[in-house]
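So you can see what is in the structure, the chains are spelled out below.
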Amino acid sequence: MLHKETQLQQCLTQLRTRLLVMSAAVGIALDEALAALVSGNMGRAVAVVDGDAAINSLENEIDEMALALLARHQPVARDLRLVVAALRMVIDLERIGDEAVSIAERVLILQGKPPQDVTLAMAGLMRTAKESLKTAVAAFKDADVRAALGIIENDDECVQKEVLALHRMMDHFCTDAGGAHNSGAQAGMHGILICRSLNRICRRAANMAEHTCFIAEGVNIKHVRVTTDQNASGRGGP
Amino acid sequence: MDTACALSAKNLDFFYGPAQALFDVSLSFPKHRITALIGPSGCGKSTFLRCLNRMNDLIPGARVKGSILLDEADINAPRMDVVSLRRRVGMVFQKPNPFPKTIFENVAYGLRVNGARNAAEISDAVEAALCRAAMFHEVKDRLHTSALGLSGGQQQRLCIARALAVDPDVLLMDEPASALDPIATQKIEESLHDLKKRLTIIIVTHNMQQAARVSDRTAFFYMGRLVEEGDTETLFTRPTEKQTQDYITGRFG
């Protein structure tokens with residue numbers, strides 16, 4: 001009953017592949033930005049800033065592929081959901097790329113010397129952001145709804161870690177604010193902005209997880225509190 | 001029968017001699033809605049459509065089991081007047097088939113068969129039917145010229161007007177735009193949108209996009225069975241059955 005891959009299916013495979021390429025590029029940008037932050041390596045930070053153009057052009061490429069696919073093939077059902085989700089997902093990925101650039105730029109502003117206690121304060125949040133993105137990409141790649149829902153459920157973890165990081169940052173700010181050239185205050189401010197970036201990355205990863213659920217189940221779970229148990233009893237359509 | 005339904009088939013089996021073409025099909029058609037019947041060639045959708053106004057009666061050896069209710073009356077009952085049934089359940093075919101008569105006479109034909117004699121009333125009804133088929137303004141100055149001089153798209157809309165002239169409750173359409181260009185197709189699709197305010201439409205189409213564009217409900221047939229039916233938007237975005245998903249996404253058929 002099933003035949004060789006149609007032109008539509010080939011285009012969908014290409015779209016999916018380019019999304020995964022973009023996901024990998026964004027993942028590398030985030031890893032490198034955080035590595036630059038922790039190590040104070042300005043060269044790595046510059047590379048992240050310079051690499052953003054490639055991510056932006058991938059966004060344009062995927063947008064064009066999705067539009068052409070809609071215009072030429074009028075996909076339906078799961079195929080349509082993949083194209084719609086791809087159009088949304090590239091926005092999330094591009095914004096994560098921008099946050100990585102923002103973190104890298106702060107490393108450059110701080111002359112590659114962010115105080116160690118600032119980076120230590122946000123170590124947990126950095127791990128969560130990296131892990132969220134990695135899991136969201138893997139869930140999309142494997143169409144793993146359970147893993148995707150896990151990211152959405154762990155949304156609170158990101159908030160808690162951000163609050164913790166901000167508290168630690170404030171401690172640093174208060175004890176070192178009067179130091180020479182007010183460097184503690186400056187580092188604290190940049191630290192807070194980096195925390196914001198990391199929080200946004202977690203949110204974007206959660207959005208990607210929602211798109212994965214939409215592709216697999218056809219149900220929009222944005223702004224709805226769901227659990228993996230609820231999903232197990234979902235409609236289970238193709 | 002559900003009073004909100006114009007027609008309702010229940011446990012319908014259909015046979016061409018010894019070969020069974022439909023298996024236990026139950027499907028209702030809500031009033032003032034367009035229902036699309038989709039499925040691969042030979043799946044039984046056209047056979048099912050023709051069951052709805054007994055067009056299959058003309059095929060030797062054809063027989064039907066189960067019921068089709070129109071206003072609580074079984075259309076296959078022996079006392080059913082088939083001419084009256086086909087007035088109430090009109091049909092438009094794949095290929096435009098105007099009579100070799102004038103445009104006016106084509107539309108007036110059904111009215112005369114049904115006993116209309118008053119010239120003014122016939123003239124009004126012809127104009128109304130042509131308006132409803134969205135072609136009166138195109139042909140108003142040549143109503144008494146041959147229908148065979150019209151383009152393919154106009155001929156098909158004339159056939160729709162001819163079916164509408166007798167004021168049916170249900171209009172059956174068997175791939176009505178498959179032989180037409182995109183502009184003629186668009187005109188027919190636009191007219192369907194207005195027509196459903198007055199009647200119930202059931203359309204067989206091989207064109208998935210057309211089904212998605214024009215219908216409110218869609219039913220998917222495969223190998224003589226009704227696999228899935230439901231709200232068109234749902235069926236084309238998240239079908240329940242894997243066979244439906246595979247067919248509408250072009251993975252078989």
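Counting from 1, residues in each chain are numbered in the order their sequence is written. Just so you know, chain letters begin at A and ligand numbers begin at 1, following the order they were written in. Only residues with pLDDT of at least 70 get local features here, since the model is predicted, and only at 80 or more are side-chain atom pairs given and counted; chain-wide, interface and lining totals rely on the full set of residues. Note that water and hydrogens are dropped before the side-chain values are worked out from all heavy atoms of the structure.

A. A look at the interface of chain B and chain A. Counting from both sides, the interface comprises 16 residues of chain B and, opposite them, 20 residues of chain A. The term buried area means the drop in 1.4 Å probe accessible area that two parts suffer when joined, counted for both and summed. Ranking the residues of chain B by area buried against chain A places B:R238, B:Q245 and B:R251 at the top, with a combined share of 35%. A pair is scored as a salt bridge if a Lys or Arg side-chain nitrogen falls within 4 Å of a carboxyl oxygen belonging to Asp or Glu. At the junction of chain B with chain A, the criterion picks out 1 salt bridge. A 3.5 Å cut-off defines polar contacts: any pair of N or O atoms within that distance qualifies, except that in protein one atom must be a possible hydrogen donor and the other a possible acceptor, and neighbouring residues in sequence count only when both atoms are side-chain atoms. Along the contact surface separating chain B from chain A lie 4 residue pairs in polar contact (both at pLDDT 80 or more). The numbering of helices and of strands both runs from the N terminus, where a helix is a DSSP run of H or I of at least 4 residues and a strand a run of E of at least 2. Mapped by element, the contributors of at least two residues to the side of chain B that touches chain A are helix 9 (232–237) and helix 10 (242–248) of chain B. Among the elements that take part in the side of chain B that touches chain A, helix 10 of chain B stands out by supplying 4 residues, more than any other. Here the term charged refers only to Asp, Glu, Lys and Arg, the term nonpolar to Ala, Val, Leu, Ile, Met, Phe, Trp, Tyr, Cys and Pro, and the term polar to all other amino acids, Gly among them. Here the residues of the side of chain B that touches chain A are counted per class, giving 5 nonpolar, 6 polar and 5 charged. Should any heavy atoms of two residues lie within 4.5 Å, those residues are considered in contact.

B. Expanded view of the sheet that holds strand 9 (residues 217–222) of chain B. All names here are of chain B. One bridge is not enough; two strands pair if DSSP finds at least two bridges between them. Ordered by their spatial adjacency, 6 strands build an open sheet running 6-7-8-3-9-10, and the pairing between neighbours is mixed. A single partner strand is all that each edge strand has here, and the edge strands are strand 6 (89–92) and strand 10 (225–231). Strand-to-strand, the axes of this sheet are offset by a mean angle of 20 degrees, without reference to chain direction. Judged from the 6 bridges that link them, strand 9 and strand 10 form a sheet pairing that is antiparallel. Across the sheet, the residue bridging to T218 is G230, located in strand 10. Lines are fitted to the C-alpha atoms to define the axes, a helix being fitted only along its stretch in contact, and any angle between axes, read from their N-to-C directions, falls within 0 to 180 degrees.

C. The side chain of A:T119, seen in detail. Residues and elements named next belong to chain A. For T119, the location among the structural elements is in helix 4 (residues 116–121). Exposure is judged per residue with a 1.4 Å probe applied to protein chains only, and the accessible area is read against the type maximum: over 50% gives exposed, under 20% gives buried, and values in between give partly exposed. Judged by its relative accessible area of 6%, T119 falls in the buried class. In contact with T119, not counting residues within four places along its chain, are L37, V38, P114 and M126.

D. A look at the packing of aromatic side chains. Residue and element names in this part refer to chain B. Here a Phe, Tyr or Trp ring, Trp counted by its six-membered ring, pairs with any other such ring whose centre lies within 6.5 Å, and the pair is stacked when the planes are under 30 degrees apart, edge-to-face when over 60, and tilted otherwise. For the structure on display, the rule yields 6 aromatic pairs over all chains. Consider the rings of F29 and F48, whose centres lie 6.1 Å apart with planes at 35 degrees: the pair is tilted. On the criterion of sequence distance, the pair formed by F29 in strand 2 (residues 19–30) and F48 in helix 1 (residues 45–51) is long-range, its members being 19 residues apart. The class for F48 is buried, based on a relative accessible area of 0%.

E. Inspection of the nonpolar core at higher detail. Nine residue types can take part in a nonpolar core, namely buried Ala, Val, Leu, Ile, Met, Phe, Trp, Tyr and Cys, and a core is a set of them joined through side-chain atoms within 4.5 Å. The biggest cluster of nonpolar side chains holds 68 residues, and the ones touching the most others in it are A:I103, A:M122 and A:L198. Contributing elements (two or more residues each) for this core: helix 1 (7–39), helix 2 (42–73), helix 3 (77–109), helix 4, helix 5 (123–142), helix 6 (145–153), helix 7 (155–176) and helix 8 (183–217) of chain A. Counting residues in hydrophobic clusters, the runner-up holds 50 residues, among them B:I122, B:I160, B:L180 and B:I201.

F. Focus on the pairing of strand 1 (residues 5–16) of chain B. Residue and element names in this part refer to chain B. The buried fraction of strand 1 amounts to 9 of the 12 residues, a majority that puts the element mostly inside the structure. Across 8 bridges, the pairing between strand 1 and strand 2 is antiparallel. When the bridges of strand 2 are listed, S8 appears paired with S28. Where strand 1 lies against strand 4 (residues 62–70), 8 bridges are found, and the strand directions are antiparallel. Counterpart to F14 in the pairing with strand 4 is V64.

G. Structural view of the environment of A:L149. Residue and element names in this part refer to chain A. You can see L149 is positioned in helix 6. Residue class for L149 comes out buried when judged on its relative accessible area of 2%. For L149 and A206, which are 57 residues apart along the polypeptide, the C-alpha to C-alpha distance reads 8.5 Å.

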